Amino acid sequence: SAAMAFQLLNLRSENFRPLYDGPMVHGTISGDGRLFNLYQAPYALTYLCADSLAVEDRPVGDLRLAASYSEGNKAIDVSGNLQRDTLRAFDFTGWISPGEAQELNLQLNMDRFDLRFIDPYLPSSISHIQGKVSGQVAVTGRFDEPRLIGYADMEDAGLRIDYLNTAYRFTHRVNIRPDMFAIDQVK
């Protein structure tokens, strides 16, 4: 059974742009891994660090990622965490399918995660998102149209509804569904 080791050092994430749709992701990727059984049904194990990640111009943090791939299920099993300064902002487990399907199935656990980085993914009628979020969210669907289900406890959160020309600030739980963010009895 043929095997091969590889190592990445300071690879720019912009090089992966042809492989995904959506906002531009910036950062520097380093890590190592091994490929096994190259001539039959290959599989891979890898550990990657993506430092100084940003979505468009919004800083996200440093990502630590363990991944394994098997030719049989055409998906990459992933687990890892995102750290921002000294705060472990979230961890995640699940799988992604980066080929034609571009599907994902992830469970996110957030701890005072900075909301600003999701601004590029919001509808154009919503802007200036801010605040910290803790909670659990399942992310499924496609890379360019993720489907979210879960809850988020918002701390000093804010956003602007452009067509109302109104900014909102609140600290409250938000129930997250594929077609809505539900906020009940919020002041």
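Refer to the structure printed above.
Residues numbered from 1 in each chain as written. Predicted model: local features only at pLDDT ≥ 70, side-chain atom pairs only at ≥ 80, totals over all residues. Heavy atoms only, no water.

A. Spatial organisation of the overall build of the chain. In terms of helices and strands, the chain carries 0 helices and 11 strands. With 187 residues in all, the chain has 33% of them scored as buried. Within the structure as shown, the chain displays about 11300 Å² of accessible surface, and the carbon and sulfur contribution to it stands at 54%. Between the averaged position of the 18 positive side-chain charges in the chain and that of its 24 negative side-chain charges there is a distance of 4 Å. (Helix = DSSP H or I, 4+ residues; strand = E, 2+ residues; numbered from the N terminus. Buried < 20%, exposed > 50% of the residue type's maximum accessible area, 1.4 Å probe, protein only. Areas by Shrake-Rupley, 256 points an atom, 1.4 Å probe, with all protein chains shown as cover. Lys, Arg positive; Asp, Glu negative; His and termini not counted. Charge placed at Lys NZ, Arg CZ, Asp CG, Glu CD.)

B. Spotlight on the pattern of salt bridges. Tallied over the entire structure, the rule returns 6 salt bridges. A salt bridge links Glu 14 to Arg 12, with the nearest nitrogen and oxygen atoms 3.2 Å apart. Between Arg 173 and Asp 153 there is a salt bridge whose closest N-O contact spans 2.7 Å. Here Asp 153 lies in strand β9 (residues 145-161) and Arg 173 lies in strand β10 (residues 166-177), a separation of 20 residues in the sequence. We classify Arg 173 as partly exposed; its relative accessible area is 40%. (Salt bridge = Lys/Arg side-chain N within 4 Å of Asp/Glu carboxyl O.)

C. View of a nonpolar patch on the surface. A cluster of nonpolar side chains, namely Tyr 163, Leu 164 and Tyr 168, defines an oily patch on the protein surface of about 360 Å² accessible area. Inspection of the secondary structure puts Tyr 163 in the loop between β9 and β10. Look at Tyr 163 and you get exposed, because its relative accessible area is 65%. (Patch = residues over 30% accessible without salt bridge, like charges linked within 9 Å, V, L, I, M, F, W, Y side chains within 5 Å.)

D. Representation of the nonpolar core. With 32 residues, the main nonpolar core has Val 78, Leu 82, Phe 90, Phe 92, Phe 113, Val 133 and Met 154 as its most contacted residues. Taken together, the elements giving at least two residues each to this core come down to β3 (43-55), β4 (58-70), β5 (75-84), β6 (87-97), β7 (103-114), β8 (126-142), β9 and β10. When residues of this core are assigned to their parent elements, the largest contribution, 5 residues, is made by β7. Ignoring any residue separated from it by four or fewer positions in sequence, one finds Phe 92 in contact with Leu 63, Arg 64, Leu 65, Val 78, Ser 79, Gly 80, Asn 81, Gln 107 and Leu 108. (Core = buried A, V, L, I, M, F, W, Y, C linked by side-chain atoms within 4.5 Å. Contact = heavy atoms within 4.5 Å.)

E. Summary view of the side chain of Ser 97. Within the element layout of this structure, Ser 97 appears in strand β6. With relative accessibility at 10%, the residue Ser 97 sits in the buried group. Sequence-distant contacts of Ser 97, that is, excluding residues within four places in its chain, are made with Lys 74, Ala 75, Gln 102, Glu 103 and Phe 143.

F. Expanded view of the packing of aromatic side chains. A complete count under the given rule lists 3 aromatic pairs for this structure. A centroid spacing of 5.2 Å and a plane angle of 25° characterise the contact between Phe 36 and Tyr 43, whose relative ring orientation is stacked. Classification of Tyr 43 by relative accessible area gives partly exposed; the value is 37%. Taking 5.1 Å as the distance between ring centres and 80° as the angle between the ring planes, the aromatic pair formed by Phe 90 and Phe 113 counts as edge-to-face. Residue Phe 90 is found in strand β6, and its partner Phe 113 is found in strand β7; the two are separated by 23 residues along the sequence. Taken individually, Phe 90 and Phe 113 each receive the classification buried, so the pair is uniform in this respect. (Phe/Tyr/Trp six-rings, centres within 6.5 Å; stacked < 30°, edge-to-face > 60°.)

G. Molecular detail of the environment of Pro 18. By the secondary structure assignment, Pro 18 is in the loop between β1 (3-12) and β2 (25-36). A C-alpha to C-alpha distance of 23 Å links Pro 18 and Arg 64, two positions 46 residues apart in sequence.

H. Fine view of unusual backbone geometry. Within the chain, Ser 52 stands out as a residue other than glycine whose phi angle is a positive 55°. Relative to the elements of secondary structure, Ser 52 occurs in strand β3. Its relative accessible area of 56% is what places Ser 52 among the exposed residues. Positive phi, close to 50°, is recorded for Arg 112, a residue that is not glycine. Its place among the elements puts Arg 112 in strand β7.

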